[in-house]
Amino acid sequence: MMKSSLTHYIQLLQAGEVVAFPTETVYGLGADAQNPSAVRKIFELKGRPSDNPLIVHISDSAEAEAFALHIPADSRTLMKNFWPGPLSLIFRKRKQVLDLITGGMDTVALRMPDHEVARSLISGAGPLVAPSANKSGRPSPTSVEHVRADFGPDLAIIEDPPTRIGIESTVVDVSDEPYRILRPGAISIKQLQNTIDTPVVFEEKNKQSGDQPARSPGMKYTHYSPRARVRWLSDNEKIKSSHILYLFHTGNRPPTPGENRENSDFHVMRYGGDYEKFARELYDRFRQADHEGVREIAIEAFPNHILQREGFAVALENRISKAIG
Ligand code: TXA
Ligand code: MG
């Protein structure tokens, strides 16, 4: 990216406009975190409920002090070890942080992306709120084409190759102990726990029902959905070639007759245990399936021993479960 053209996007952001930009996880829809009308545009463009808070993206750890009221020692260790990178940390917020950003909650999520273009943009324009650059309820965008498909030709987009990781950052609430993973991602619970003594746990699933306010309001909305029906493929289920079916294969199922034929009415994708590749391609497969009019996407379930071992499988299972709804 030429410095001069980056300047153009920095100016747009400083003028209160919205700019889509690449990160290492997914493309983000950026707006100046200090400008209420710019932040409001994000919610309007995405069709996002106003109680679903946004992550503030920074380019330097020192900027965290302006948003976080208190940075506990162990969360500082996480910042040192995993920033820049696919980790969003939730702190108690300073009162100066716009309520629009936090959906009225007393916490704020911060992240420093591991992407040259993103960080140059942020250091030029100042901290940016940046949700994934998709319409609410659509899969997150991993390419410029995905962003265009959701927002059309008028949106300013900084063009870059498809994103390296392909699923959104790990979100960890460090505002209280134990630290809670609200959204699993490329940084696994094991990696986090290996560096700090404060216990790190997954937010329990049932915790967010009932009258209690959700810790992460975003989690209650349907997410990541393609139009095709998504479901888990059961263990000994035979592939029925009588209807269109996409199968994402992660293990060692025996080949199915006809699966490699060009014109068969189903398509089989095998990842052979490469969970990172699976994560990188998941949202593109979802969108591609819709494009091709696929009616159903059946995905081999992750056995427990894989979930114990593979952080990416945990993140994939989370996104796929949400797509199933
Ligand atoms: O990888 C990523 O995190 C991408 C890229 C663009 O950086 N961004 C992203 O943003 O995924 P978004 O808005 O699509 O997802 C943010 C998630 C939502 O589920 C939201 O509810 C949660 O983080 N979140 C944000 N602030 C929060 C807070 N203060 N407390 C709890 N959850 C929060
Ligand atoms: Mg999103």
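The sections below set out a description of the structure shown in this document. Here the structure is a predicted model, which means the values were calculated and not measured.

### Quick look at the site of ligand 1
Not every one of the 27 residues close to ligand 1 is listed here, only the nearest: T25, R48, N52, H57 and S169. Note that a nitrogen atom of ligand 1 is positioned 3.1 Å from one of the side-chain N or O atoms of T107. R111 is positioned with one of its side-chain polar atoms (N or O) 2.9 Å from an oxygen atom of ligand 1. Bound to the protein, ligand 1 loses 98% of the 680 Å² it would expose on its own. Every element with two or more residues in the shell around ligand 1 is listed here: β3 (55–57), β5 (107–111) and β9 (179–183). Its residues placed into classes, the shell around ligand 1 shows 13 nonpolar, 9 polar and 5 charged.

### With respect to helix α8 (residues 275–291)
If you check α8, its first and last C-alpha atoms are 24 Å apart, about what 17 residues at 1.5 Å a residue would give, namely 24 Å. E281 marks where α8 bends most, by close to 45°. When we look at burial in α8, the residues that qualify are Y275, F278, A279, L282, Y283, R285, F286, R287, A289 and D290. Positive phi shows up at G293, right after α8, with a value of about 75°.

### Topic: the environment of F91
Summarising the element assignment, F91 is placed in strand β4 (residues 87–92). On the basis of relative accessibility, which here comes to 0%, the residue F91 falls in the buried class. With 24 residues separating them in the primary sequence, F91 and F67 have C-alpha atoms 8.4 Å apart. Once residues within four sequence positions are removed from consideration, F91 is found in contact with A68, H70, I71, P72, S75, M79, D106, T107, V108, L110, V174 and S175.

### Structural notes on helix α10 (residues 311–324)
For α10, built from 14 residues, the straight-helix expectation of 20 Å at 1.5 Å per residue is met to within 8% by its first-to-last C-alpha distance of 20 Å. The inward-facing, buried residues of α10 abut β9, β11 (229–233), α8, β14 (296–300) and α9 (304–309). Positive backbone phi, approximately 85°, marks G325, located one or two places after α10.

### Digging into the environment of I90
Along the chain, the position of I90 falls in strand β4. Between the alpha carbons of I90 and Y179 there is a distance of 9.6 Å; along the sequence they are 89 residues apart. Residues in contact with I90, not counting those within four places in the same chain, are T107, V108, A109, V171, V172, D173, V174, S175 and L182.

### So, unusual backbone geometry
With an omega of -5°, the peptide bond running from W83 to P84 counts as cis. Relative to the helices and strands, P84 is located in the loop between α3 (73–82) and β4. In this model, E177 is joined to P178 through a cis peptide bond whose omega is -5°. By secondary structure assignment, the location of P178 is in the loop between β8 (170–173) and β9.

### Topic: the sheet that holds β3
Think of a sheet as strands paired side by side through backbone hydrogen bonds, with each pair either parallel or antiparallel. The strand order across the open sheet formed by 10 strands is β7-β1-β2-β6-β3-β5-β4-β8-β9-β10, and the pairing between neighbours is mixed. Both outer strands of the open sheet, β7 (156–157) and β10 (200–202), are each paired with one neighbouring strand and no more. Helix-sheet contacts for helix α2 (residues 36–46) involve β2 (28–32) and β6 (128–129), and the interaxial angle to β2 is about 155°.

### Quick word on the pattern of salt bridges
Applying the stated criterion to the full structure yields 15 salt bridges. In this structure, K93 and D99 form a salt bridge, with 3.6 Å as the shortest nitrogen-oxygen distance. K93 sits in the buried class, given a relative accessible area of 13%. Between R231 and E296 there is a salt bridge; the shortest N-O distance is 2.4 Å. With a gap of 65 residues between them, R231 in strand β11 and E296 in strand β14 connect regions that are remote in the sequence. On the basis of relative accessibility, which here comes to 13%, the residue E296 falls in the buried class. One salt-bridge network, held together by shared partners, links R138, D150, R287 and D290.

### Some details on the packing of α8 against α10
Any two packed helices are characterised by how steeply their axes cross, that is the angle between the axes, and by the distance between the axes. Orientation of α8 relative to α10, taken along the N-to-C sense of each, is 20°, at an axis distance of 9 Å. As far as their axial angle goes, α10 and α8 are roughly parallel. The element α8 and its partner α10 pack so that their crossing is left-handed. Listed contacts from α10 to Y275, E276, F278, A279, L282, Y283 and F286 of α8 are F312, A313, L316, R319, I320 and A323. Looking at the contact of α8 with α10 residue by residue, the classes come out as 11 nonpolar, no polar and 2 charged.

Conventions adopted
- Chains are numbered independently. Their residues run from 1 in the order of the written sequence.
- Starting at A for chains and at 1 for ligands, labels are handed out in the order in which the entities are written.
- Predicted model: local features are reported for residues with pLDDT of at least 70 only, side-chain atom pairs are reported and counted for 80 or more only, and whole-chain, interface and lining totals are derived from all residues.
- Side-chain numbers come from the whole structure's heavy atoms, not from hydrogens or water.
- Any residue with a heavy atom positioned within 4 Å of a molecule or strand is treated as near that molecule or strand.
- Counting of polar contacts relies on pairs of N or O atoms within 3.5 Å, with two restrictions inside protein: one atom must be capable of donating a hydrogen and the other of accepting it, and residues adjacent in sequence are counted only when both atoms are side-chain atoms.
- Methods summary: accessible areas were calculated by the Shrake-Rupley approach with a probe of 1.4 Å, and residue burial reflects only the protein chains presented.
- Secondary structure follows DSSP: runs of H or I at least 4 residues long count as helices, runs of E at least 2 residues long count as strands, and numbering of each begins at the N terminus.
- For this classification, Asp, Glu, Lys and Arg are treated as charged, while Ala, Val, Leu, Ile, Met, Phe, Trp, Tyr, Cys and Pro are nonpolar and the rest, including Gly, are polar.
- Expected helix span is taken as 1.5 Å per residue step, with the number of steps being one fewer than the number of residues.
- The bend at a residue is defined as the angle formed between two axes, one fitted to the seven residues ending at that residue and one fitted to the seven starting there.
- For the exposure calls, accessible area comes from a 1.4 Å probe over protein chains only, and a residue counts as buried if that area is under 20% of its type's maximum, exposed if over 50%, partly exposed in between.
- The contact criterion used throughout is that any non-hydrogen atoms of two residues lie within 4.5 Å.
- By the convention used here, strands pair only if DSSP detects at least 2 bridges between them.
- Structural elements are reduced to axes, namely lines fitted to C-alpha atoms, with helices fitted over the stretch in contact, and the angle between N-to-C directions of any two is expressed from 0 to 180 degrees.
- Any carboxyl oxygen of Asp or Glu that lies within 4 Å of a side-chain nitrogen of Lys or Arg is treated as forming a salt bridge with it.
- By the definition adopted for this analysis, an angle is roughly parallel if under 35 degrees, roughly antiparallel if over 145, roughly perpendicular if from 65 to 115, and oblique otherwise.
- Here a crossing is taken to be left-handed if its near helix is turned anticlockwise relative to the far helix by less than a right angle, and right-handed if that turn runs clockwise.

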